[in-house]
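Observations on the three-dimensional arrangement
Chain residues, written in single-letter form:
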Amino acid sequence: MTDDATTPSSPQHPGRDAMLSTSAMRALAHPLRLRILDELSAYGPMTASGLASRVGESSGVLSYHLRQLEKHGLVREDESLGTARERWWERRPGSIATPEPREFPAGSAERLATLLITDEWMRAREANLREFLSEGDAVFGPEWLDVASTDTINLRLTSDQLHQIVLDIDTVLWKYIDAYKRTPSPGALPVQLHINAFPLVRGASTEAPLRTRKDRS
């Protein structure tokens, strides 16, 4: 990656991901560039023309945006697939993270870029899930449909309890990321896992238990 692409890991995944620098965030804060990065992340290396057919843009437009992403270390040419006539592109290996929006002043370019990136990523994840729910049974067999999951779980937790759940989930996820991210098994298909863990904004805190009448003075 170029020097300005990332800074050290996020606090949540030390040594596991790379935090986007402000310059890389500004370069990425464009809906089409985020779509390009998502396509390469989910489906692997593609040419500009291949990407163009997937996102509904011209290969010239895609080539321009790919070069901007390459400039900031977010994508790179896959020389093992390239030819003299056509370049293949891949996302740079490794997980990336964005800074927390609250780290930047309200209304600043950095905060707006972070919010745009997060909003687009969430929109893309929701679109992928909706596509599976509406079209999955026409595309996949029962061996895939029977193991897919869209569970929602509601709990009442303290911040420490939520943190522990996230840590436990991360331990399991990284086990499988390490096992399959770079060495997929024969017959593997692109799969997305959505793990969201957050407090509900309109929720009220659980009241502390009242002392019994006998304890009152």
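All residue numbers here refer to positions counted from 1 along the written sequence of the relevant chain. Per-residue local features of the predicted model are confined to residues with pLDDT of at least 70, and side-chain atom pairs are confined, for both listing and counting, to 80 or more; whole-chain, interface and lining totals are unaffected and use all residues. To obtain the side-chain values, all non-hydrogen atoms of the structure were included, while hydrogens and water were left out.

Our next topic: the overall build of the protein. Put simply, DSSP H or I for four residues or longer makes a helix, DSSP E for two residues or longer makes a strand, and each gets a number counted from the N terminus. When its secondary structure is counted, the protein shows seven helices and six strands. Ordered by position in the sequence, the α and β elements of the protein form the string β-β-α-α-β-α-α-β-β-β-α-α-α. Principal axes of the C-alpha set define a box for the protein whose edges measure 85 × 50 × 30 Å. In the protein, buried positions account for 25% of the 217 residues. Any two residues whose heavy atoms approach within 4.5 Å at even a single point are treated as in contact. A separation threshold of at least 6 residues defines the contact pool for the protein, and within that pool the share at least 24 residues apart is 54%. Here the accessible surface of atoms and residues is derived via Shrake-Rupley with a 1.4 Å probe, and residues count as covered only by protein chains that are part of the display. Carbon and sulfur atoms make up 53% of the accessible area of the protein, which totals about 15500 Å². Across the protein, the centroid of the 26 positively charged side chains sits 6 Å from that of the 30 negatively charged ones. We call a residue buried when its accessible area falls under 20% of the maximum for its residue type, exposed when it is over 50%, and partly exposed in between, using a 1.4 Å probe and counting protein chains only. Charge counting follows a simple rule: Lys and Arg are positive, Asp and Glu are negative, and His as well as the terminal groups are ignored. The location of each charge is read from NZ of Lys, CZ of Arg, CG of Asp or CD of Glu.

In this section: the packing of helix H2 (residues 31–43) against helix H4 (residues 59–71). Packing of H2 against H4 leaves a shortest axis separation of 10 Å and a crossing angle of 80°. Considering the angle they form, H2 stands roughly perpendicular to H4. Residues Leu32, Arg33, Ile36 and Leu40 of H2 lie in contact with H4, whose contacting residues are Val61, Leu62, Tyr64, His65, Leu66, Gln68 and Leu69. Each residue gets one label: Ala, Val, Leu, Ile, Met, Phe, Trp, Tyr, Cys and Pro are nonpolar, Asp, Glu, Lys and Arg are charged, and the others, such as Gly, are polar. For the contact of H2 with H4, the residue count by class is eight nonpolar, two polar and one charged. In this analysis an axis means a line fitted to C-alpha atoms, helices contributing only their contacting stretch, and an angle means the value between N-to-C directions, from 0 to 180 degrees. Roughly parallel covers angles under 35 degrees, roughly antiparallel covers those over 145, roughly perpendicular covers 65 to 115, and oblique covers all other angles.

With that settled, the discussion passes to the confidence of the model for the protein. With 92% of its residues at a pLDDT of 70 or more, the protein shows a mean pLDDT of 89. Confidence of the predictor at the level of single residues is given by pLDDT, which spans 0 to 100. Here strand E1 (residues 6–7) stands out as the element of the protein with the lowest mean pLDDT, 57, in contrast to helix H6 (residues 142–145), whose mean of 96 is the highest.

All right, on to the sheet that holds strand E3 (residues 46–47) then. Only strands joined by at least two bridges in the DSSP assignment are considered to pair. The strand order E3-E5-E4 describes an open sheet built from three strands, whose pairing is antiparallel. On the outer flanks of this sheet lie E3 and strand E4 (75–77), each paired with one strand and no other. For E4 and strand E5 (residues 88–91), the ladder comprises three bridges, and the chain directions are antiparallel. Directly across from Arg76, in E5, lies its bridge partner Glu90.

The next point concerns the pattern of salt bridges. The salt bridge criterion pairs a side-chain nitrogen of Lys or Arg with a carboxyl oxygen of Asp or Glu, the two atoms within 4 Å. Counted by the stated rule, this structure contains nine salt bridges. Close ionic contact of Glu70 with Arg87 constitutes a salt bridge, the shortest N to O distance being 3.5 Å. Pair noted here: Glu70 is in helix H4 and Arg87 is in the loop between E4 and E5, with a separation of 17 residues, a long-range link. A residue is classified by how much of its surface remains accessible, and Glu70, at 29% relative accessible area, is partly exposed. Taking relative accessible area as the criterion, Arg87 reaches 34% and is therefore assigned partly exposed.

Here the aromatic set is Phe, Tyr and Trp, taking the six-membered ring for Trp, and pairing holds for ring centres within 6.5 Å; pairs whose planes are under 30 degrees apart are stacked, those over 60 apart are edge-to-face, and all others are tilted. Summed over all chains, the structure comprises two aromatic pairs. Judged by centre distance (6.2 Å) and plane angle (45°), the ring pair of Phe132 and Phe140 falls under tilted. With relative accessibility at 27%, the residue Phe132 sits in the partly exposed group. Measuring from ring centre to ring centre gives 6.2 Å for Tyr176 and Tyr180, while their planes differ by 20°; the resulting arrangement is stacked. Of this pair, Tyr176 and Tyr180 both sit in helix H7 (residues 159–180), separated by four residues, roughly a single helical turn. Given a relative accessible area of 42%, Tyr176 falls into the partly exposed group. According to the relative accessible area criterion, Tyr180 is partly exposed, its value standing at 46%. A cation over a ring is seen here: Arg54 above Tyr43, with NZ or CZ 4.2 Å from the ring centre. Here, a charge over a ring is recorded when the distance from Lys NZ or Arg CZ to the ring centre is within 6 Å and its angle to the ring normal is within 35 degrees.

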